[in-house]
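Summary of structural features
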Amino acid sequence: MDKDIIKVWDLFRDGDEDSFSLLFETFFDTLFRYGMKFVSDENLVKDCIQDLFIKLHNNRASLSSTTNPKFYLLFSLKNMILDAIAKNKRLTYVSPQDLPFIATYQYLSEQEETEETEEVKQKFEQVLNMLNSRQKEAIYLRFQLDLSYEEISELLGINYQSARNLIHRSITKIRDNMDLALFISLFIRVFN
């Protein structure tokens with residue numbers, strides 16, 4: 001993890017308002033994209049992020065130091081989304097293990113559209129659809145957000161070895177059906 005962002009976290013904990021703003025600006029997009037992987041309600045995700053930062057601000061003096069503020073924020077946001085789903089009568093409650101991971105993909109530009117053949121895109125989508133929600137989330141956390149196996153296991157509510165096995169099985173499934181490097185490259189580009 002970037003030592004500068006750890007320093008920003010510690011300054012925020014000590015009451016520095018500029019550091020608080022910097023944390024929000026640094027992680028809002030990442031948190032928003034991650035939150036949208038669980039629910040398709042942009043307002044709910046934005047409200048959860050806002051509530052998370054209000055809670056952090058109000059409790060900053062009691063927050064502990066962390067070696068990965070991004071992980072701390074992702075973990076907190078996921079729990080807030082679960083709580084919001086449980087409280088929202090319009091949404092059906094799901095357990096943390098059954099929370100769907102919405103893996104919508106979008107090619108970003110016409111140039112990217114022409115860079116990849118239609119056949120490659122179809123193969124990518126076919127392989128992606130072979131993965132279940134937990135596998136998609138684990139791949140996203142590992143390759144898109146660069147989290148450790150320990151952090152992934154905590155976010156998914158499973159033990160360390162289960163997280164490693166989940167990612168290994170996912171990679172094996174991908175590798176059996178498509179070039180792994182090409183899949184990961186496309187995955188990172190279209191799930192940004």
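Residues numbered from 1 in each chain as written. Predicted model: local features only at pLDDT ≥ 70, side-chain atom pairs only at ≥ 80, totals over all residues. Heavy atoms only, no water.

Description of the packing of aromatic side chains
Applicable threshold: Between 30 and 60 degrees the pair is tilted, below 30 it is stacked and above 60 it is edge-to-face, where a pair is any two Phe, Tyr or Trp rings, Trp via its six-membered ring, whose centres lie within 6.5 Å. Residue burial is assigned from relative accessible area. The probe radius is 1.4 Å, only protein chains are included, and a residue is buried under 20% of its type maximum, exposed over 50%, and partly exposed in between. In this description a helix means any DSSP run of H or I spanning at least four residues, a strand means any run of E spanning at least two, and both kinds are numbered starting from the N terminus. As a reminder, the over-ring test applies to NZ of lysine and CZ of arginine, requiring each to be within 6 Å of the ring centre and within 35 degrees of the ring normal.
Under the definition given, this model contains 13 aromatic pairs. With 4.9 Å between their ring centres and 90 degrees between their planes, Y34 and F38 make a pair best called edge-to-face. Just as Y34 is buried, F38 falls in that class too. Between the aromatic rings of F183 and F187, the centroid separation amounts to 5.8 Å while the plane-to-plane angle is 25 degrees, which identifies the pairing as stacked. Remark: F187 and F183 occur in helix α10 (residues 180-190); sequence separation between them is four residues, near one turn of the helix. Both residues of the pair, F183 and F187, count as buried. Over the ring of Y149 we find R142; its NZ or CZ atom is 4.5 Å from the centre of that ring. Directly above the aromatic system of Y149 lies the positively charged group of R164, at a separation of 4.4 Å from the ring centroid.

Overview of the pattern of salt bridges
Pairs may arise between side chains of opposite charge once their charged atoms sit close together. Spelled out, the test is: Think of a salt bridge as a Lys or Arg side-chain nitrogen and an Asp or Glu carboxyl oxygen that are within 4 Å of each other.
For the coordinates displayed, the defined rule picks out three salt bridges. With a closest N to O distance of 2.7 Å, D10 and R13 form a salt bridge. Separated by three residues within a single helix, D10 and R13 lie in helix α1 (residues 3-13), roughly one turn from each other. A relative accessible area of 24% places D10 in the partly exposed class.

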